[in-house]
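# Structure assessment
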Amino acid sequence: MTEVNEVDIVFKKNKIIPDVLTKAPEQFLKVAYPGNLQVDKGNELTPTQVKNDPTVEWNVEDAVLYTLLMIDPDAPSRKNPTFREYQHWLVVNIPGSAIDKGDVLTAYVGSGPPKGTGLHRYIFLLYKQMGKLKFSEKHIPKNSGNDRGKFCTQTFVKKYKLGEAIAGDFFQAKWDEYLPTVHKQLSGN
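Residues numbered from 1 in each chain as written. Predicted model: local features only at pLDDT ≥ 70, side-chain atom pairs only at ≥ 80, totals over all residues. Heavy atoms only, no water.

### Examining the environment of Thr181
- Take Thr181: it is sitting in helix α4 (residues 179–186).
- Among the residues examined, Thr181 registers a relative accessible area of 43% and is labelled partly exposed.
- Taking the C-alpha atoms as reference points, Thr181 and Thr153, separated by 28 residues in sequence, lie 27 Å from one another. (Helix = DSSP H or I, 4+ residues; strand = E, 2+ residues; numbered from the N terminus. Buried < 20%, exposed > 50% of the residue type's maximum accessible area, 1.4 Å probe, protein only.)

Now the structure itself:
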């Protein structure tokens, strides 16, 4: 089985297609959290384990800029996703793989599923830009939950002509004891 087929199978099985995308990325992203915790095709990680920014690796093309995003299509719950899609991270104009040199539109916040809402999917997607782009979206700081909900990956992608995602992966998480800290942070405290 080729990797492209595997991404397609995994994304369809977990309903990322059609909930977020219409077509699977070409390959998996390599996403790792401190403690060598890997994001791997929907494995379960706790909010405590993903509270800090991950490292993300992909096959980089010379002189290319990228857009990386992380969303939760299951906010506030998978059965009632009225805030679909909730932005957890959005970085644009990334030169090569230097995420820290990109423009952060939405500062990273780890998973934050409300108590009793079951597993949420946290999806990372990577897009290749056709050049440096000027974005009109609000900059959302780490301590704000405002403007994170009701994001639409497909609308964003069309607006900036990003084409299809070239890489992606996801993990799943449910409530744990760290979440009151996340929710307090997002309230600006």
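There is more to say after this.
### Comments concerning α4
- Looking at α4, one finds that the buried residues are Leu179, Val182, Gln185 and Leu186. One face of α4 carries all of its buried residues, which in axial projection span an arc of 120 degrees.
- Lining the buried residues of α4 we find β7 (86–95).
- Remark: Gly188 follows α4 within two positions and exhibits a positive phi of approximately 95 degrees. (Arc of directions from axis to C-beta. Contact = heavy atoms within 4.5 Å.)

### Some thoughts on the packing of aromatic side chains
- Counted according to the given criterion, the structure contains 11 aromatic pairs.
- Ring pairs connect the aromatic residues Tyr33, Trp89, Tyr108, Tyr122, Phe124 and Phe171, which therefore count as one cluster.
- Over the ring of Trp175 we find Lys115; its NZ or CZ atom is 4.5 Å from the centre of that ring. (Phe/Tyr/Trp six-rings, centres within 6.5 Å; stacked < 30°, edge-to-face > 60°. Lys NZ or Arg CZ within 6 Å of the ring centre and 35° of its normal.)

### Here's the deal with empty space enclosed by the protein
- Evaluated as defined, the whole model comprises 1 cavity of 30 Å³ or more.
- When its volume is computed, the largest cavity comes out at roughly 40 Å³.
- Taken together, the residues that form the lining of the largest cavity break down as 4 nonpolar, 2 polar and 2 charged. (1 Å grid on protein atoms, 1.4 Å probe; cavity = no way out; pocket = protein on both sides within 12 Å on 5 of 7 lines; lining within 4 Å. Points joined across faces, edges and corners; volume = space filled by probe spheres on them. Nonpolar A, V, L, I, M, F, W, Y, C, P; charged D, E, K, R; others polar.)

### Topic: the layout of surface pockets
- Estimated volume of the largest pocket: approximately 180 Å³.
- The set of elements that each furnish at least two residues to the lining of the largest pocket consists of β7, β9 (120–128) and α4.
- Along the lines of polarity and charge, the residues of the lining of the largest pocket split into 8 nonpolar, 4 polar and 1 charged.

### Brief notes about the pattern of salt bridges
- All chains considered together, the criterion is met by 11 salt bridges.
- Note that Asp19 is salt-bridged to Arg84, the shortest N-O span being 3.6 Å. Taken together, the positions of Asp19 in helix α2 (residues 16–19) and Arg84 in the loop between β6 (65–72) and β7 put the pair 65 residues apart, joining distant regions of the chain.
- Using a relative accessible area of 26% as the deciding quantity, one classes Arg84 as partly exposed.
- Between Arg121 and Asp74 there is a salt bridge; the shortest N-O distance is 2.6 Å. Placement of Arg121 in strand β9 and of Asp74 in the loop between β6 and β7 is noted, with a sequence separation of 47 residues between them.
- The exposure class of Arg121 is buried, given its relative accessible area of 0%.
- We classify Asp74 as buried; its relative accessible area is 0%. (Salt bridge = Lys/Arg side-chain N within 4 Å of Asp/Glu carboxyl O.)

### Thoughts on the nonpolar core
- The biggest cluster of nonpolar side chains holds 25 residues, and the ones touching the most others in it are Phe11, Leu21, Leu125, Tyr127 and Phe156.
- At the level of secondary structure, the elements contributing two or more residues to this core comprise α1 (3–13), α2, β6, β7, β9 and α3 (153–159).
- Sequence-distant contacts of Leu21, defined by excluding residues within four places in its chain, comprise Phe11, Ile16, Leu125, Tyr127 and Gln154. (Core = buried A, V, L, I, M, F, W, Y, C linked by side-chain atoms within 4.5 Å.)

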